[in-house]
Amino acid sequence: MTEDFLDTAGIHTLAIRAGINRTAEGEHSEAIFATSSYVFNSAEEAAARFAGNEPGNVYSRYTNPTVNTFQERIAAMEGGEAAVATASGMAAILSTCMALLKAGDHVVCSRSVFGTTTVLFSKYLQKFGVKVSTVSLTALNEWQAAITPDTQLMFCETPSNPLCHVADIAGLAAIAKANNCLFAVDNCFCTPALQKPLSLGADIVIHSATKYLDGQGRCLGGAVVGSQQLMDEVLGFIRTCGPSMSPFNAWVFSKGLETLGLRMKVHSSNAQALAEYLNTHAKVETTYYAGLPGHPGHALAAKQQSAFGGVLSFEVKGDQAACWRFINATQLMSLTANLGDAKTTIVHPATTTHGRLSDEDKAAAGIKANLIRIAVGLEDIEDLLADLERGFAAI
Ligand SMILES: *Cc1c(COP(=O)(O)O)cnc(C)c1O
């Protein structure tokens, strides 16, 4: 069957139709190829496949039809030439760095990235001679000033967690181009359903598929998307070092992508409703959500995203003990640091996700003791609002 319609298809069609590799059985839902290796028809074919002179599967550390379906689908949705699937989001970031950086190279990274990403850069990559500077996500002049002749990579995550600061992706891409370095965006919070960094000039998109791409908190996985040339390098690292995605997880993520657009709409509309409610609540000091017109990232997010996403945070009028009482009084929301799930989650960043930061670093990052983060799920909005009321009654 020819699939010419994919060339002009919209993102929701691509989410459902891209990457299908139907077998002779005619299965409608994608098959899971639970196999580590593949049988060759002849010694000649085996030699050609191993040498890379003939396309086809060799070994599932780096070629698997189910993983391939996920790779083609996420690449199509992000508008990239190719994608490489990885065992986790952290494996996606590590593989990108190991494939594209060498000792002596320099990375400029936004200060507000996922905590484990900071540790990867500061503890492990530095150990191998990669230098890292951290800058404010939103201050383009800091990025420009941090660039050195050794800078190979600019890395950011937008919107930021948990304060929803928004990076100017096109502005950062222009700085990267002018300085001849690569620009990677961790697109975990928006997903391609809301934001497509490659179309704004980024070179690489990184995902923790563990979050919204799955959407129901079942599997760990990641992906890197970009040009064929860059992805060949990343796949070379996966082939050699092995942080590969399992076929079962790839199948879950491919099925997750089919409903991603619908889910992101409801995550966003539920979050908008909660943010508006919190923003005028007598017991709330400040609400952080880019969908609120008063948020500093509002105009930029409205320009480069199609909706504002599912994560928000707010400071209660009170101290850490009040926050803990609030969280302990909620019944519906799950107390967990995970996000991107149909189930709404609630967490106290200062003592969990950002608990490893020094008091000084917490202050610099704006993580106050009275801050609560909610990753808004897909439940009925009335039930979510009622749960917040239980929290407020306790402080
Ligand atoms: C969770 C997360 C990661 C790491 O992904 P894992 O799948 O947990 O390894 C990276 N970036 C962001 C923004 C995340 O939220």
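Bear in mind the structure is a predicted one, so any value in this text is a computation, not a measurement.

Reading guide: rules and limits
- Residues numbered from 1 in each chain as written.
- Predicted model: local features only at pLDDT ≥ 70, side-chain atom pairs only at ≥ 80, totals over all residues.
- Heavy atoms only, no water.
- Near = heavy atom within 4 Å.
- Polar contact = N/O pair within 3.5 Å; in protein donor to acceptor, adjacent residues only side chain to side chain.
- Areas by Shrake-Rupley, 256 points an atom, 1.4 Å probe, with all protein chains shown as cover.
- Helix = DSSP H or I, 4+ residues; strand = E, 2+ residues; numbered from the N terminus.
- Expected span 1.5 Å × (residues − 1).
- Bend = angle between axes of the 7 residues up to and from the residue.
- Buried < 20%, exposed > 50% of the residue type's maximum accessible area, 1.4 Å probe, protein only.
- Contact = heavy atoms within 4.5 Å.
- Salt bridge = Lys/Arg side-chain N within 4 Å of Asp/Glu carboxyl O.

K.L.:
Could you give an account of the site of the ligand, naming the residues involved and the relevant values?
P.N.:
Around the ligand there are 13 residues in total, and Gly89, Asp186, Ser208, Thr210 and Lys211 lie nearest to it. Between an oxygen atom of the ligand and a main-chain N or O atom of Met90, the distance comes to 2.9 Å. Here Ser208 contributes a side-chain N or O atom positioned 2.9 Å from an oxygen atom of the ligand. Notes on the ligand: free accessible area 380 Å², of which the protein chains cover 92%.

K.L.:
Residues and numbers for helix α5 (residues 115–127), please.
P.N.:
Taking 1.5 Å of rise per residue, the 13 residues of α5 would be expected to cover 18 Å, and the 18 Å separating its terminal C-alpha atoms lies within 8% of that figure. By the largest-angle criterion, Phe121 marks the main kink of α5, which is about 30°. Of all the positions in α5, only Thr117, Leu120, Phe121 and Leu125 are classed as buried. Check the buried side of α5 and you find it contacts α4 (89–100), β2 (106–110), β3 (131–135) and β4 (151–157). Gly129 lies just past α5 and shows a positive phi near 85°.

K.L.:
Which residues make up the pattern of salt bridges, and what values do they have?
P.N.:
Throughout the structure, instances matching the rule amount to 12 salt bridges. Measuring nitrogen to oxygen at the nearest pair gives 3.2 Å for the salt bridge that ties Lys131 to Asp150. Linking Lys131 in strand β3 with Asp150 in the loop between α6 (140–146) and β4, this pair joins segments that are 19 residues apart in sequence. You can call Lys131 partly exposed: its relative accessible area is 38%. Classification of Asp150 as partly exposed rests on a relative accessible area of 36%.

K.L.:
Account for unusual backbone geometry, naming residues and giving values.
P.N.:
With an omega dihedral of -5°, the bond running from Thr158 to Pro159 counts as a cis peptide bond. Positionally, Pro159 belongs in the loop between β4 and α7 (169–178). Omega for the peptide link from Asn161 to Pro162 comes to 5°, which places this bond in the cis form. Mapped onto the elements of the fold, Pro162 is located in the loop between β4 and α7. In this structure, Asn180 is a non-glycine residue whose phi angle is positive, near 60°. Within the element layout of this structure, Asn180 appears in the loop between α7 and β5 (182–186). Although it is not a glycine, Thr191 adopts a positive phi angle of roughly 65°. Residue placement: Thr191 occurs in helix α8 (residues 191–194).

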